[in-house]
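Residue strings, one per chain:
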Amino acid sequence: MKGRDLAELAVRNLREAILRNSLTTLGVAVGVASLVAMLSLGVGLQTLASQRLTKSGLFDAVFVTSRGMRMSGPPQENSAAREDYKPLDAQARAAFATLQNVVEVYPQVRFLTEVRYAGNTYSTNVLGLPESSRTMSAFDGITGKYFSSPAADEAILQMDFAKQLSQSPLSLVGQELTLRYAERHTASPEEIAKEKDIDAQLDEMMSGGISIVSREKKLRVVGITESDPSAGIGGFGGGRVFVPLQVAEQLHPAQANDVQEFVRGGGSGKSSYGALTVRVKSPKDVLRVEEAIKKMGFQTFSLLDATRSLRLVFTVFDLFLGLFGSLALTVASLGIINTLVMAILERRREIGVLKALGATDGDVRSLFFAEAGAMGLFGGIFGVLLGWLIGQALTLGTTIYLRRQDLPGVKISYVPWWLALTAVVFAVVVSLVAGLYPAGRAARLNPVEALRYE
Amino acid sequence: MTATSTLIHAENVSRHYRLGETLIPAVNDISLEIATGEFVALLGSSGSGKSTLLNLLAGLDRPTSGAIHFRGQNLLALAPEDLAHYRRDTVGMVFQSFNLLPRMTLQENVELPLRLAEIQRTERDGRVAQALDRVGLGARRNHRPSELSGGEQQRGALARALVNRPTILFADEPTGNLDSVTGEQILVLLGEIQAALGMTIVMVTHERPLAERFANRIVTLQDGRLVGDGTRGLQAHENRATENTERVR
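Residues numbered from 1 in each chain as written. Chains lettered and ligands numbered in written order. Predicted model: local features only at pLDDT ≥ 70, side-chain atom pairs only at ≥ 80, totals over all residues.

## Quick notes on the overall build of chain B
And then number 1: The number of helices and strands found in chain B is eight helices and 10 strands.
And then number 2: The long-range share in chain B, meaning contacts at least 24 apart out of those at least 6 apart in sequence, stands at 71%. (Helix = DSSP H or I, 4+ residues; strand = E, 2+ residues; numbered from the N terminus. Contact = placed C-beta atoms within 7 Å.)

Listed below in structure tokens is the structure:
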């Protein structure tokens, strides 16, 4: 029998015992729905976690330091490391920026400062923020706003620090404060030559042309952030006053690595960075960019391994949820077996007639298979819709709960197209497997005995 | 009867059923030759083995021993699928209880053998209409079996048996569930079809008068054995068929 005829007969047979077949199909749908709801929860939570982590700026970044220099602690002393040494300077920064899939390259500009406000002086750290941090989750709960432009003379304060400055910290937004900081001044040979005092000239030559000058900078407070954006590796560690990176760089503040660089560079006086953060388009680009930077002679670090572990955890989680969800589908498959076995009993005579008219065992088997498959297909499609609805209801419930706790709503359930498709295919396969026994039994029926059946 | 005109040949056919420890010989060592164009009545009382023999000849069942040759081809040697194709392409079946599928309309019931034979859809409608017209049910094509009388159902079953243009028609007590007038009408119809298409018909019946009136050969069975085989001759049979038609009209 041709496929189309088979499908027509199967659908016609299913329509005839509409109540029983609908209930069986509903059983499949509930099974698929539970599977889809469970997995959509897994996928949704994974997506949520991965979005949050990506937004944190930890997983799409490569942290670069000079070879022989560790993220912290003293530089290595061996001579080999000294020969390998490549300065992490403006040239290197430009080279990183040209690499494929690199979005942004920026240094960590962090320096000690004294903040003067309302006649009082407070000692703290200032941190330069790259433009990309505008979209990061650390600034989700900001009071006020983010910097108006990458070069604006504006500051964002960390709440704890703002509380030190004022008893009503939120009133600080719009106020002006003054930073006192140490500027690193690099004198050119001509400037040294112009120095009239021979002792000062000798000092500058000996120091490689670096001097420290005290400066002041007025900044307007535009925002106060509740959370601590300096948490974690590669976060904006140690900063309590945040300024646009471009502004921070223009200040040329003296940083902890200046002395280190002076020792390494043999007093060349050339400016270099303690570390650079290379931000890539997506976490999957991290590995390739990291390799490229390593080849250029620098030391790198990323949290890719942590992402891998996270993926493993979620895979196990999904597997667990999937197994749990499959239980309902297994029960539903028993329903299919029951329905089809009942159908064989009821349609015994019909099977006999079909065989008398020339249907082969294969035709009869295919017909029962087609009926099982159709129940699986309809149940699968309906189940995916039902599962999606359950997911939406879970998301809605969670959002309402979170809003009551003054937290932003999240989408905890997500049904990607591959999940919907796999669920329908899975439902059809399970139904066909469930149809194996009844279809085989129907095919083996002796036509004479079947025709005798009343 | 010449060897070349033999359509089907049963040779020492037996069919035994096991019921617990007892072996029941439903058909016991029967040999029978049926020629093309014959209208054979298998006559006998209940349990004589006539329906069993019909099922064996129709390829619905396989003999315990012996052989059944259809145009020289031993049915026993056929694989199950080939035997199903024999039933589909060569045989037409009519049953006592009509056996139209109750869920389907008459049109769909008659179309069923064409679906099984994978006949093109474009060809099917015409063939179904032709078969239904032949049995006088062209106007009832969209009715379900439950909406038809017994005689109409049997005519519908006959249309279904004929739609695939079989070589041989097997009818198992085709009048058993009908009143005598309707039963006669069905047999007249069978006779007309046989005359028009030159078809071979094998009919099981326990009513001797009907067998004598409509068949040109009566094979009598008793306790699974062949006890009589009488041929009336085709010419005499044709004359009788014309009489029957006029009588029913």
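## Focus: the interface of chain A and chain B
And then number 1: Residue-level contacts link 17 residues of chain A with 20 residues of chain B.
And then number 2: For the side of chain A that touches chain B, the element with the most residues is helix 12 (residues 348-356) of chain A, which contributes four residues.
And then number 3: Residue classes in the side of chain A that touches chain B are distributed as seven nonpolar, two polar and eight charged. (Nonpolar A, V, L, I, M, F, W, Y, C, P; charged D, E, K, R; others polar.)

## A few points about the sheet that holds strand 2 (residues 22-35) of chain B
All names here are of chain B.
And then number 1: The four strands lie next to each other as 2-1-4-5, forming an open sheet whose pairing is antiparallel. Both edges of this open sheet fall to strand 2 and strand 5 (73-74), since each of them pairs with a single strand only.
And then number 2: Looking at chain direction, strand 1 (residues 6-19) and strand 4 (residues 65-70) are connected through five bridges and run antiparallel. Within strand 4, the residue paired with Ala-10 across the bridge is Ile-68. (Pairing = 2+ DSSP bridges.)

## With respect to the pairing of strand 2 of chain B
Residue and element names in this part refer to chain B.
And then number 1: Two strands pair when backbone bridges link them, and strand 1 and strand 2 are joined in this way by 10 bridges, in the antiparallel orientation. Across the sheet, the residue bridging to Val-13 is Ile-30, located in strand 2.
And then number 2: Where strand 1 folds back onto strand 2 in an antiparallel hairpin, the turn is made up of two residues, including Gly-20, whose phi is positive at roughly 65 degrees.

## So, the sheet that holds strand 6 (residues 91-94) of chain B
Residue and element names in this part refer to chain B.
And then number 1: The strand order across the open sheet built from six strands is 6-7-8-3-9-10, with neighbouring strands paired in mixed fashion. Two strands in the sheet have a free side with no partner beyond their single neighbour: strand 6 and strand 10 (225-231). On average, each strand axis in the sheet is tilted by 15 degrees relative to the strand beside it, whichever way the strands run.
And then number 2: Bridge analysis of strand 3 (residues 39-43) against strand 8 (residues 200-205) gives five bridges, and the strand direction is parallel. By the bridge assignment for strand 8, Leu-43 is matched with Thr-205. (Axes fitted to C-alpha atoms, helices over the stretch in contact; angles between N-to-C directions.)

## Describing the nonpolar core
And then number 1: Core analysis: the largest hydrophobic core is formed by 121 residues, its most contacted members being Val32(A), Val36(A), Ala423(A), Leu42(B), Leu57(B), Phe170(B) and Val202(B).
And then number 2: Ranked by size, the runner-up nonpolar core spans 44 residues in total, among them Val62(A), Val105(A), Leu129(A) and Leu276(A). (Core = buried A, V, L, I, M, F, W, Y, C linked by C-beta atoms within 7 Å. Buried ≥ 20, exposed ≤ 12 C-beta atoms within 10 Å, placed from the backbone.)

## Focus on unusual backbone geometry
Residue and element names in this part refer to chain B.
And then number 1: For Asn-12, which is not glycine, the phi torsion reads 45 degrees and is therefore positive.
And then number 2: Take Asn-12: it is sitting in strand 1.
And then number 3: Looking at Asn-12, the number of C-beta atoms within 10 Å reads 12, which means it is exposed.
And then number 4: The backbone phi angle of Glu-118 is positive, close to 55 degrees, even though this residue is not glycine.
And then number 5: Here Glu-118 shows up in the loop between helix 3 (106-116) and helix 4 (121-134).

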